[in-house]
Amino acid sequence: MKSSLILCVLAIVLISGCITTDIPTGNAEAYELPGLNNTTIFYLNLSSVQVVDNVINETTIRFVLEDGGEMSFRNPVAIDHSGKNVSFTTSKEPILGKSYIKFSFESPFSGFVAYTQSDGQDFSRMLTKNGSVRVVLPLNYTTGSRLFGIAQPEPYNTTVDAKGRDVLIWENPYPAHQKIEVKYYHESAPYILFYIVIFLLFCAFVIFGYYYFSLRSLKKKWEMVEKGLKK
């Protein structure tokens, strides 16, 4: 009887496609919550990304799990507009071949949901809803060079926040664009490349000069040998 009950429960879980996860909640103080309505903000820091999304009167909200899946999803929090932590449950949900993390609330929730995921310098995220999108680059990092990396699609606007970080802004990019990609680099990268090119040119000039004068010296010696033979 017990075995039948367990099998029935597992079948219901598999049919629903929703698996409860055990992801410890994070600390709200670790996130920047600027209070922007209808806006999703990505804070990049080379090895991870912090996501802050505005929620209005929702009992459930879903986020696509990017590369790395559930293991890269950590420290979720939910904060209402008064700054209080709100309880929630998380579950993994497959929809049309993609994996989602679903936040579930006991009653309609308005405020901000935040979480952290592993990432790198090639930032890429699927878009699933309309609204404003902001990508905050790490301090002293930028984008926009065809050689080092650009943002696609082109941002609606680029500004600098109070901490001196570049902020890329898109207004309602979805559904015209299904994805946002940002390749960013340190501000000193173009200068470093310039000095490397200068150094390589200098090395090439030295090598060319060495071989030029070496060949010239050998030519003179050969001419002297020829003169000696003629005598």
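In this text the structure is predicted, and so the values were computed from the model without any measurement. (Residues numbered from 1 in each chain as written. Predicted model: local features only at pLDDT ≥ 70, side-chain atom pairs only at ≥ 80, totals over all residues. Heavy atoms only, no water.)

**A look at the overall build of the protein chain**
Okay, step 1: Scanning the protein chain for helices and strands turns up two helices and 14 strands.
Okay, step 2: Here the protein chain, with 231 residues, has 35% of them falling under the buried criterion.
Okay, step 3: For the protein chain, the share of sequence-separated contacts (at least 6 apart) that also reach a separation of at least 24 residues comes to 75%.
Okay, step 4: For the protein chain, the exposed area adds up to about 15,100 Å²; of that, 60% sits on carbon and sulfur atoms. (Helix = DSSP H or I, 4+ residues; strand = E, 2+ residues; numbered from the N terminus. Buried < 20%, exposed > 50% of the residue type's maximum accessible area, 1.4 Å probe, protein only. Contact = heavy atoms within 4.5 Å. Areas by Shrake-Rupley, 256 points an atom, 1.4 Å probe, with all protein chains shown as cover.)

**Let's talk about the pairing of strand S6 (residues 98–118)**
Okay, step 1: Here strand S3 (residues 48–64) pairs with S6 via 14 bridges, running antiparallel. Paired with serine 48 across the two strands is serine 118, which belongs to S6.
Okay, step 2: Two elements, strand S5 (residues 89–95) and S6, share seven bridges in a ladder whose sense is antiparallel. Residue pairing in the sheet places serine 91 in a bridge with lysine 102 of S6. (Pairing = 2+ DSSP bridges.)

**A closer look at the pairing of strand S4 (residues 73–80)**
Okay, step 1: S4 sits mainly inside the fold: six of its eight residues count as buried.
Okay, step 2: Pairing between S4 and S6: six bridges, direction antiparallel. Residue pairing in the sheet places arginine 74 in a bridge with threonine 116 of S6.

**Re the pattern of salt bridges**
Okay, step 1: Tallied over the full model, the rule gives seven salt bridges.
Okay, step 2: One salt bridge in this structure joins glutamate 32 and arginine 165, with 2.9 Å as the shortest N-O distance. With glutamate 32 in the loop between strand S1 (19–20) and strand S2 (39–44) and arginine 165 in the loop between strand S11 (157–160) and strand S12 (166–171), this residue pair connects regions lying 133 residues apart in the sequence.
Okay, step 3: Take arginine 165: its relative accessible area is 13%, and that puts it in the buried class.
Okay, step 4: One network of salt bridges, in which partners are shared, links Glu32, Asp161, Lys163 and Arg165. (Salt bridge = Lys/Arg side-chain N within 4 Å of Asp/Glu carboxyl O.)

**Some points on the sheet that holds strand S10 (residues 151–152)**
Okay, step 1: With antiparallel pairing, the three strands of this open sheet are ordered in space as S7-S13-S10. Strands at the two margins of the open sheet, each flanked by one partner only, are strand S7 (122–126) and S10.

**Here we look at the side chain of threonine 142**
Okay, step 1: Topologically, threonine 142 is positioned in strand S9 (residues 141–142).
Okay, step 2: Within the structure, the side chain of threonine 142 is placed 3.0 Å from the side chain of aspartate 166, a separation counted as a polar contact.
Okay, step 3: When sequence neighbours within four positions are dropped, the list of residues in contact with threonine 142 reads Leu137, Asp166, Tyr184, Tyr185 and Glu187. (Polar contact = N/O pair within 3.5 Å; in protein donor to acceptor, adjacent residues only side chain to side chain.)

**Considerations on the confidence of the model for the protein chain**
Okay, step 1: When pLDDT is averaged across the protein chain, the result is 82; 81% of the residues are at 70 or more.
Okay, step 2: The model gives residues 1–18 a pLDDT under 50, and that stretch makes eight contacts with residues more than four places away or in other chains. (pLDDT = per-residue confidence, 0-100.)

**A word on unusual backbone geometry**
Okay, step 1: Cis rather than trans, the peptide bond between glutamine 152 and proline 153 has omega equal to -5°.
Okay, step 2: By secondary structure assignment, the location of proline 153 is in the loop between S10 and S11.
Okay, step 3: Following tyrosine 174, the chain continues to proline 175 via a peptide bond in cis, the omega torsion being 10°.
Okay, step 4: Mapping proline 175 onto the fold places it in the loop between S12 and strand S13 (179–183).
Okay, step 5: With a phi close to 75°, leucine 46 is a non-glycine residue in the positive phi region.
Okay, step 6: Relative to the helices and strands, leucine 46 resides in the loop between S2 and S3.
Okay, step 7: Of note in this structure, asparagine 57 is not a glycine but carries a positive phi near 55°.
Okay, step 8: Counting through the fold element by element, asparagine 57 comes out in strand S3.

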